[in-house]
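Observations on the three-dimensional arrangement
Listed here are the chains, written in short residue letters.
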Amino acid sequence: METQIAKLIDGKALAEKIQQELSATITELQPQIGRPPGLAVLMVGDNPASAAYVRGKERACAKVGIASFGKHFPTETTQTELEEVIAALNQDERVDGILVQLPLPDHLDAVTLLHQIDPDKDVDGLHPINLGRLVRGEPGLRSCTPFGVMRLLQEYEISLEGKQAVVVGRSILVGKPMALMLLEANATITIAHKSSHSLENIIKNADILITAVGRPGLITAEMVKPGAVVVDVGISRVTDANGNNRLVGDVDFDSVKRVAEFLTPVPGGVGPMTVTMLLQNTVTSYSQRSKI
Ligand SMILES: NC(=O)c1ccc[n+]([C@@H]2O[C@H](COP(=O)([O-])OP(=O)(O)OC[C@H]3O[C@@H](n4cnc5c(N)ncnc54)[C@H](OP(=O)(O)O)[C@@H]3O)[C@@H](O)[C@H]2O)c1
Ligand SMILES: Nc1nc(=O)c2c([nH]1)NC[C@@H]1CN(c3ccc(C(=O)N[C@@H](CCC(=O)O)C(=O)O)cc3)CN21
């Protein structure tokens, strides 16, 4: 095995730096606008992972000075009830951002709900208008996780121009917008998914590898091109040999760190940037809405 050890991409540190900047921006804008920015995170049911993420988002809001208008609904909440809540939040001048935490219970139709959100308040970047703007390369609110990955790559001065980038996963939340953002930055993109034959052959030429699957150990050192940049978006909770619960990504960290040039850890990599880009989008929406 080679002895090279990848440079770690520290998402936690960059997230803290950006949060401080956002906090300063809010302090500056608030006297002119007359109110703080507001974010409403809607969560339905009692999925413990979702509850933990929502708490993390609300904690981060409080830290930078964003008011939370979050609501937690019981599992049996109906589609109509949620549509009414979204309609009210769309009208509420104090609310700059609305996010529906996914996944939703099976009886609810997430796509229809996301379509109800005012695109100017769609801080998750999942409304068809914002996804369409991304496809066209127009300015708009961008999906938080891929936006956070792009910000990390920029911070570490990782050039994308003409590079081979492989994205594993094609969800509307991560994989597809990720690939479009890399394309916008002039990378040559390949998107792999469950039906892709021989993942190892697809990945082996990747200068930039982004995985967003949710399968621990999917990416091993043998699959990775030496010197590649590896960004691990996957998050799974596993119980280790000592019976402890911990979070792991899709990448076999201990082997891949000997092959890659740059690598994101889990936790402390992409996760904190997702939350920070949500705050960033909320502040962007706040300053844009107040100019109208
Ligand atoms: N760090 C963060 O901030 C953050 C944010 C969001 C999500 N996540 C994590 O990222 C992971 C993905 O999230 P998601 O919402 O995109 O999940 P998702 O909707 O379940 O999508 C998973 C994707 O992985 C593909 N896939 C599954 N098995 C595969 C395999 N063996 N080989 C290649 N592709 C495979 C699926 O392909 P098909 O389309 O063919 O089914 C699908 O496109 C999860 O672990 C999630 O917890 C992290
Ligand atoms: N509408 C919506 N938007 C999202 O961005 C979103 C969802 N739903 N549903 C769940 C996924 C998963 N997301 C996230 C967001 C933050 C972290 C995060 O902060 N991870 C930390 C560790 C947190 C912990 O210790 O529990 C990390 O360091 O990776 C992870 C996943 C965001 N996601």
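Residues numbered from 1 in each chain as written. Chains lettered and ligands numbered in written order. Predicted model: local features only at pLDDT ≥ 70, side-chain atom pairs only at ≥ 80, totals over all residues. Heavy atoms only, no water.

Looking now at the packing of aromatic side chains. The full count for this structure, using the stated rule, is one aromatic pair. Consider the rings of tyrosine 156 and phenylalanine 262, whose centres lie 6.1 Å apart with planes at 70°: the pair is edge-to-face. Taken as a pair, tyrosine 156 in the loop between α6 (144–155) and β6 (164–168) and phenylalanine 262 in strand β12 (residues 262–263) lie far apart in primary sequence, 106 residues in all. For phenylalanine 262, a relative accessible area of 10% gives the class buried. (Phe/Tyr/Trp six-rings, centres within 6.5 Å; stacked < 30°, edge-to-face > 60°. Helix = DSSP H or I, 4+ residues; strand = E, 2+ residues; numbered from the N terminus. Buried < 20%, exposed > 50% of the residue type's maximum accessible area, 1.4 Å probe, protein only.)

If you check the shell around ligand 1, you find 20 residues, and the closest are Arg170, Ser171, Val233, Ile235 and Thr274. The side chain of arginine 215 places a nitrogen or oxygen atom 3.2 Å from a nitrogen atom of ligand 1. At 2.5 Å from an oxygen atom of ligand 1 is found a side-chain nitrogen or oxygen belonging to threonine 274. For ligand 1, the accessible surface in isolation is 930 Å², of which the surrounding protein chains cover 72%. Broken down by element, the residue count for the shell around ligand 1 peaks at three residues, all from helix α10 (residues 270–290). Its residues assigned to classes, the shell around ligand 1 comprises nine nonpolar, eight polar and three charged. (Near = heavy atom within 4 Å. Polar contact = N/O pair within 3.5 Å; in protein donor to acceptor, adjacent residues only side chain to side chain. Areas by Shrake-Rupley, 256 points an atom, 1.4 Å probe, with all protein chains shown as cover. Nonpolar A, V, L, I, M, F, W, Y, C, P; charged D, E, K, R; others polar.)

What follows is about the site of ligand 2. In the region of ligand 2, 15 residues are neighbours, and Val100, Leu102, Asp124, Pro267 and Gly268 sit closest. Between a nitrogen atom of ligand 2 and a side-chain N or O atom of glutamine 101, the distance comes to 3.1 Å. One nitrogen or oxygen atom from the main chain of glycine 268 is found 2.6 Å from an oxygen atom belonging to ligand 2. The protein chains hide 77% of the 670 Å² of surface that ligand 2 would expose on its own.

What follows is about the UniProt feature "binding site: NADP(+)" (unreviewed entry) in the chain. As recorded in UniProt, the feature "binding site: NADP(+)" (unreviewed entry) lies at Gly169, Arg170, Ser171 and Ile235. Serine 171 has contacts with Lys176 and Pro177, leaving out every residue within four places of it along the chain. Of the polar contacts made by the side chain of serine 171, one reaches the backbone nitrogen of valine 174; its length is 3.0 Å. (UniProt positions renumbered as here; feature names shortened; annotations may be inferred. Contact = heavy atoms within 4.5 Å.)

What follows covers the packing of helix α1 (residues 11–33) against α6. The geometry of α1 relative to α6 is characterised by a closest axis approach of 11 Å and an angle of 95° between their N-to-C directions. Judged by the angle between their axes, α1 and α6 are roughly perpendicular. Between α1 and α6, the residues in contact are Gly11, Leu14, Lys17 and Ile18 and Arg151, Leu152 and Glu155, respectively. Here the residues of the contact of α1 with α6 sort into three nonpolar, one polar and three charged. (Axes fitted to C-alpha atoms, helices over the stretch in contact; angles between N-to-C directions. Parallel < 35°, antiparallel > 145°, perpendicular 65-115°, else oblique.)

Counting 47 residues, the largest nonpolar core has Ile66, Val149, Leu153, Leu182, Ile210, Val231 and Val233 as its most contacted members. With seven residues, α10 is the single largest residue contributor to this core. Ignoring any residue separated from it by four or fewer positions in sequence, one finds valine 149 in contact with Met178, Ile210, Val231, Val233 and Val270. By size, the runner-up hydrophobic cluster in this structure holds 20 residues, among which are Val168, Val224, Val256 and Ala260. (Core = buried A, V, L, I, M, F, W, Y, C linked by side-chain atoms within 4.5 Å.)

Turning next to helix α7 (residues 175–184). For α7, the set of buried residues is Gly175, Pro177, Met178, Ala179, Met181 and Leu182. Of the surrounding elements, those touching the buried residues of α7 are α5 (128–136), α6, β6, β7 (188–192) and β8 (208–211). Positive phi appears at asparagine 186, one or two residues downstream of α7, with a value of about 70°.

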